[in-house]
Amino acid sequence: MSDSTAELTLSPEAARQRDEVLAQVKPVDVPRPELVTGDRDFHWVTEKICGIPESKTPRWWWIMFLVAASMATFTLFGLTWLVSTGVGVWGLANPVNWGWAIVNFVFWIGIGHAGTLISAILCLLRQKWRVSINRAAEAMTIFAVVCAGLFPLFHVGRVWFAWWLFPLPNSNWIWPQFRSPLEWDVFAVSTYGTVSVLFWYMGLIPDLGTMRDRAMKGGRKLKAMAYGLFAMGWRNSNRHWRNYEMAYLLLAGLSTPLVLSVHTIVSFDFAAANLPGWHTTIFPPYFVAGAIFSGFGMVLTLMLPLRAVYGLHNLITQYHIDCMCKIILATGSMVGYAYSMEFFIAWYGANNFEVFAFVNRAFGQYAWAYWIMVSCNVISPQLFWFKKVRQNTALVWIICGFVNVGMWFERFVITVTSLANDFLPSSWGYYSPTIVDILTFFGTFGLFSTLFLLFVRFLPMMPMGEIKAVMPAADGHGHGSGTQGQGYPAKEGGHH
Amino acid sequence: MSANASTASTSVAASSGGKKDYSMIALIIGVIGIAIALIGLVMDLTHGEGRVGQSWLIAYGFWMAMLIGMLFLTQLTYLFDAGWAVVVRRQWENAFAAFPWMALILVPVVALPFFVSDSSGAIWEWMDPSFVLPGIHATTVGNDALYIAKEKFLNVPFFIVRLVIYFAVFCGLGSLLRKHSIQNDAQPDANNWLACRKISAIGIYLTAFATTFMAFDLFMSLSYHWFSTMYGVWFFAASMRAGLAGTVILCNLAGTKGWLQGFYNKHHNYFLGCLCLAFTVFWAYISFSQYFLIYNANIPEETFWFNIREMNADGSKNSWWWVSMALIFGHFLIPFLVLLFYKTKVIRNRLMGICGWILAFTLLDMYWNILPKQEADDSVLGYYVQQFIPNVWDIAALVGIGGIVIWATLRSAAKHKPIPLNDPRIKESLHAHQ
């Protein structure tokens, strides 16, 4: 069979006809955008990226760090208050027994999805522009999962019994309820967190090697030792790169179904119930699209200021911003498609409870939240149709802020409206968060920012090897543009 | 377009290698098949039970899914600016020539019942207000509370308006994308390509909604009591699989025996094979999620749709249970495992084999979605389930509609250049490598 992998040997007549057609081929000129602009070389890339953690800590970083770390204490305070007092300090009360905690959990876990999409799915789709943003986005994924995990962990009430969630028989020989999607979440999120850390760390290894070598050359032995420990003996050899590439591809292949499964299972938390507004079959892909949407909103929220502060315009170009805006537009529209399907099928299904759930969302006591959701998630991304909007970074940043807000409200609308007005009008209620709810959530932004600032300060925030591979200089085929080559990261550039 | 056709004709006539003969054969087979199915349809409407209309719809769904998949793929590759796909894209553009014919082919199954049997033979039961619904509390459609609730959507005039809109979208997009691409062969201009990108950006929205509501109208409304928000996504997934599998077979045949010799290579197969694998998983994901959420909620107004696809009124397993198992293993597991292997994606015969397999199971998926229905009976629950029994009318409709689709595609291929000569990414596509 192996011979049939070879190309056909054409008959002289077929070859003549082919040549005749090929002679007429004159492609019109639409150049592919450069992924690294400014006619930069490999050395510049290394200096630029390594220069950030190597330089003296800037004052703005300290200010931001102090602000972020102080904010994070609100979460610490809120959780301490919760543990010492009881879950009653949250605003949960019949009929709304799932409030901000689950909303915040889904919000943060969704944010994380962009990192995996960029590092895994866009890798499989060979979208080379991803290389400038994948490292930071993966870091964002991990920090978002950390923030997300806090909420269900503390929602169990007696957090010291959280280990009961694992399938270990406890002292009373009680097993977890395996039929509950919340139990599946334990496995899905912990697997996702683990693989995300592995993927992120593995991608860092070549760059840690470079950081080690540079620290050694600069006589900073302690730093060299620290980076060297985590570089695990990386020597930039051909064999190392081959193994690295294979491992990267395998992890990308593994992460792709994983990232889909995580938010699918998160959607099951709702959709597996029989509650109107929750039980709808489109939830799994709708949640995944929403997660990617919110994740890209957060990526741009973080990367645009970093680009401005560190002068990364040659690495995160307008083309990168365009691509991300278009993904936000596409996924925002998918979310809009899901909203419209839910509404249509609620009517078409001719089930009064289902119709009520949706009409109530749009015109009931939480209508304000519903319309914030629709405006932010469906309407505001439509501005990205316009080139002028995409080219205005301040406006892009503001719209991404709307996306972040809108996606939090989406989870709020789903969770709270269906619970607050369920089957029995006499049990209806109006849910409001307490100050503990609000401050605990507010603090997670501090925790997230603190971790992200530490990442920016101590680790190379872009993968140097991968960026060099998409530069024109790495294109061994002489196509004139690195975007056309499929080469491995340029080994000759590793040590510059 | 005629000017382009004439400029292209010289080289294409030379390079066609007798494909006009194939297109004539396809046309003759198509016309005969359609004629036989039409005869069956009329006979069935006067004496039968509406089974031939279902044959027509199964075949129609199969070929329409393939064309819709190709329309999505064309627009997606424009939006992603995918270099490898340009050589393949011209073949998709050729297939779009079948869209207007598909609009025409839908007419008999919708319109004939109204002329022959006063709507009582329509395969969509909701079209006949006097139809007595099976079940222990038998009632007519006209008195059915659920129908009355949906009447503003499920009525014949609006149904026809919607079908016209869907075909305006499919034919309009297909023809615009073809026009600009073919125009670029004769008059190279980057604006043609940019126009296609813009058309695709808007078109993908229109296609998504047209595909979704076409699935609701043609397939989901067959059991109009049933509903699922996922159903449009299922048809999208099925369309992508059929479109990809059809593309692999078309391109490999044209690449070994026809007009694509020397242009289409194993690297194109690899890319298409990867997409086949991705959409195999996607189809399974969508189908499983739809099943699981309905199974788990266990609400009778939704579960009945799956129940009749598993068991008879007395609870015994029926033939659809075996079809369901065949879909799980044959439409997901086997293609998934086979496509995982690198060699499957680059060895021509293996890839064509698994794509033929996928197409066979796409057809089975259409049977599974369209055919099972409750028929009135004096059993304990007042119905029996129409079983999986393929018949000669199924084959006639499948071959007939397929013949017309293939004829339209080959006829277009004979008129135009084998590849988009001046596309900005054509060289990337000709030299595509994994």
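The name an unreviewed UniProt entry gives chain A is Molybdopterin oxidoreductase membrane subunit, with Cerasicoccus arenae as the organism. Per UniProt, chain A carries the Sequence similarities (unreviewed entry) text "Belongs to the NrfD family." Taken directly from UniProt, the Subcellular location (unreviewed entry) text for chain A runs: "Cell membrane".

Take the overall build of chain A next. Counting secondary structure elements, chain A contains 16 helices and zero strands. Its C-alpha atoms give chain A a radius of gyration of 25 Å, near enough to 23 Å, the size a compact globule of 496 residues would have. If one aligns the C-alpha atoms of chain A with their principal axes, the spans along those axes are about 80 × 65 × 50 Å. The buried share of chain A, taken over its 496 residues, is 57%. Taking as baseline every contact in chain A between residues at least 6 positions apart, the subset at least 24 positions apart corresponds to 81%. Chain A carries 33 positive and 27 negative side-chain charges, and their two centres are separated by 9 Å.

Glancing now at the interface of chain B and chain A. Counting residues at the interface gives 78 residues for chain B, matched by 58 residues for chain A. A combined buried area of about 5,600 Å² lies between chain B and chain A, and 65% of that area is made up of carbon and sulfur atoms. The largest contributions to the chain B side of the interface with chain A come from T229, Y285 and L293 of chain B, which together make up 13% of the buried area. Joining chain B to chain A, the criterion identifies two salt bridges. In this structure, E428 of chain B and R32 of chain A form a salt bridge, with 2.8 Å as the shortest nitrogen-oxygen distance. Summed over the shared surface of chain B and chain A, the result is 20 residue pairs in polar contact (both at pLDDT 80 or more).

Moving on: the nonpolar core. Generally speaking, a soluble globular protein has its nonpolar side chains buried in company with each other. Core analysis: the largest hydrophobic core is formed by 299 residues, its most contacted members being W108 and F296 of chain A together with W124 and F170 of chain B. At 18 residues, helix α3 (residues 51-79) of chain B tops the list of elements feeding residues into this core. The contact partners of F170 of chain B, leaving out residues within four places of it in the chain, are M64, I68, L71, F99, T207, A210, T211 and M214 of chain B.

All names here are of chain A. Between its first and last C-alpha atoms helix α3 (residues 59-85) spans 39 Å; for 27 residues at 1.5 Å apiece the expected length is 39 Å, and the two agree. All of the buried residues in α3 are W61, F65, A68, M71, A72, T75, G78, L79 and L82. Positive phi appears at G86, one or two residues downstream of α3, with a value of about 130°.

Residues and elements named next belong to chain A. Remark: helix α2 (residues 42-54) packs on helix α6 (residues 181-217), axes separated minimally by 11 Å, with the N-to-C direction vectors making an angle of 70°. When the axes of α2 and α6 are compared, the pair comes out roughly perpendicular. Contacts from T46, E47, C50, P53 and E54 of α2 reach α6 at T210, M211 and R214. Here the contact of α2 with α6 is built from residues that sort into three nonpolar, two polar and three charged.

With that settled, consider unusual backbone geometry. P95 of chain A follows N94 of chain A through a cis peptide bond whose omega is 0°. With a phi close to 55°, D81 of chain B is a non-glycine residue in the positive phi region. Tracing the sequence through the fold places D81 of chain B in the loop between α3 and α4 (86-95). The backbone of N298 of chain B sits at a positive phi, close to 55°, despite the residue not being glycine.

All right, on to the environment of D44 of chain B then. All names here are of chain B. Mapped onto the fold, D44 is located in helix α2 (residues 19-47). Sequence separation between D44 and V116 is 72 residues, and the spatial gap between their C-alpha atoms is 10.0 Å. Apart from the residues lying within four places of it in its own chain, the contact partners of D44 are E49, G50, R51, V52 and G53. In this structure the side chain of D44 is engaged in a polar contact, spanning 3.1 Å, whose partner is the backbone nitrogen of V52.

Using the criterion set out here, one finds 99 aromatic pairs over all chains in the structure. Considering the side-chain rings of Y286 of chain A and F287 of chain A, the 5.5 Å spacing of their centres and the 85° angle between planes classify their relative orientation as edge-to-face. F287 of chain A shares its class with Y286 of chain A; the two are buried. Taken together, a centroid distance of 5.9 Å and an interplanar angle of 90° make the contact between Y286 of chain A and Y339 of chain A edge-to-face. Here Y339 of chain A lies in helix α10 (residues 318-348) and Y286 of chain A lies in helix α9 (residues 283-310), a separation of 53 residues in the sequence. The exposure class assigned to Y339 of chain A is buried, which follows from its relative accessible area of 6%. Across the ring face of F153 of chain B, the terminal group of R162 of chain B is positioned such that the distance to the ring centre comes to 3.7 Å. Over the aromatic face of F158 of chain B sits the side chain of R162 of chain B, whose NZ or CZ is 4.5 Å from the ring centroid.

All names here are of chain A. A complete count under the given rule lists 23 salt bridges over all chains for this structure. Where E13 meets R16, a salt bridge forms, and the shortest distance between an N and an O atom there is 2.9 Å. Residue E13 and its partner R16 are both found in helix α1 (residues 12-23); the two are separated by three residues, about one turn of the helix. Residue class for R16 comes out partly exposed when judged on its relative accessible area of 39%.

With that settled, consider the environment of W200 of chain A. All names here are of chain A. With respect to the element layout, W200 can be found in helix α6. On the basis of relative accessibility, which here comes to 14%, the residue W200 falls in the buried class. Residues W200 and W163, 37 residues apart in the sequence, show an inter-C-alpha distance of 26 Å. Residues in contact with W200, not counting those within four places in the same chain, are R135, E138, A139, I142, F455 and L459.

With that settled, consider the confidence of the model for chain A. For chain A, per-residue confidence averages 89 on the pLDDT scale, and 94% of positions sit at 70 or higher. Segment residues 479-496 of chain A: pLDDT under 50, and 50 contacts once partners within four positions in sequence are set aside and those in other chains are kept.

All names here are of chain B. In contact at an axis separation of 10 Å, α4 and helix α9 (residues 231-257) are set at 105° when each is read in the N-to-C sense. One finds that α4 runs roughly perpendicular with respect to α9. Residues V88, Q91 and W92 of α4 touch α9, and the partners they reach there are T247, L250 and C251. The class makeup of the residues in the contact of α4 with α9 is four nonpolar, two polar and no charged.

Below, the discussion takes up α2 of chain A. A rise of 1.5 Å per residue sets the reference length of α2 of chain A, with its 13 residues, at 18 Å; its end C-alpha atoms lie 18 Å apart and thus fit the reference within 8%. Buried residues along α2 of chain A sit against α6, α7 (221-231), α9, α15 (435-458) and α16 (464-469) of chain A.

To continue, consider the side chain of D185 of chain B. Residue and element names in this part refer to chain B. Tracing the backbone through its elements, the reader meets D185 in helix α7 (residues 156-186). Polar side-chain contacts of D185 include one of 2.8 Å to the side chain of R90. Each residue touching D185, except ones within four places of it in the same chain, is listed here: R90, K417, I419, P420, L421 and N422.

Criteria and cut-off values
- Residues numbered from 1 in each chain as written.
- Chains lettered and ligands numbered in written order.
- Predicted model: local features only at pLDDT ≥ 70, side-chain atom pairs only at ≥ 80, totals over all residues.
- Heavy atoms only, no water.
- UniProt positions renumbered as here; feature names shortened; annotations may be inferred.
- Helix = DSSP H or I, 4+ residues; strand = E, 2+ residues; numbered from the N terminus.
- Rg over C-alpha atoms; globule rule 2.2 N^0.38 Å.
- Buried < 20%, exposed > 50% of the residue type's maximum accessible area, 1.4 Å probe, protein only.
- Contact = heavy atoms within 4.5 Å.
- Lys, Arg positive; Asp, Glu negative; His and termini not counted.
- Charge placed at Lys NZ, Arg CZ, Asp CG, Glu CD.
- Buried area = accessible area lost by both parts, 1.4 Å probe.
- Salt bridge = Lys/Arg side-chain N within 4 Å of Asp/Glu carboxyl O.
- Polar contact = N/O pair within 3.5 Å; in protein donor to acceptor, adjacent residues only side chain to side chain.
- Core = buried A, V, L, I, M, F, W, Y, C linked by side-chain atoms within 4.5 Å.
- Expected span 1.5 Å × (residues − 1).
- Axes fitted to C-alpha atoms, helices over the stretch in contact; angles between N-to-C directions.
- Parallel < 35°, antiparallel > 145°, perpendicular 65-115°, else oblique.
- Nonpolar A, V, L, I, M, F, W, Y, C, P; charged D, E, K, R; others polar.
- Phe/Tyr/Trp six-rings, centres within 6.5 Å; stacked < 30°, edge-to-face > 60°.
- Lys NZ or Arg CZ within 6 Å of the ring centre and 35° of its normal.
- pLDDT = per-residue confidence, 0-100.

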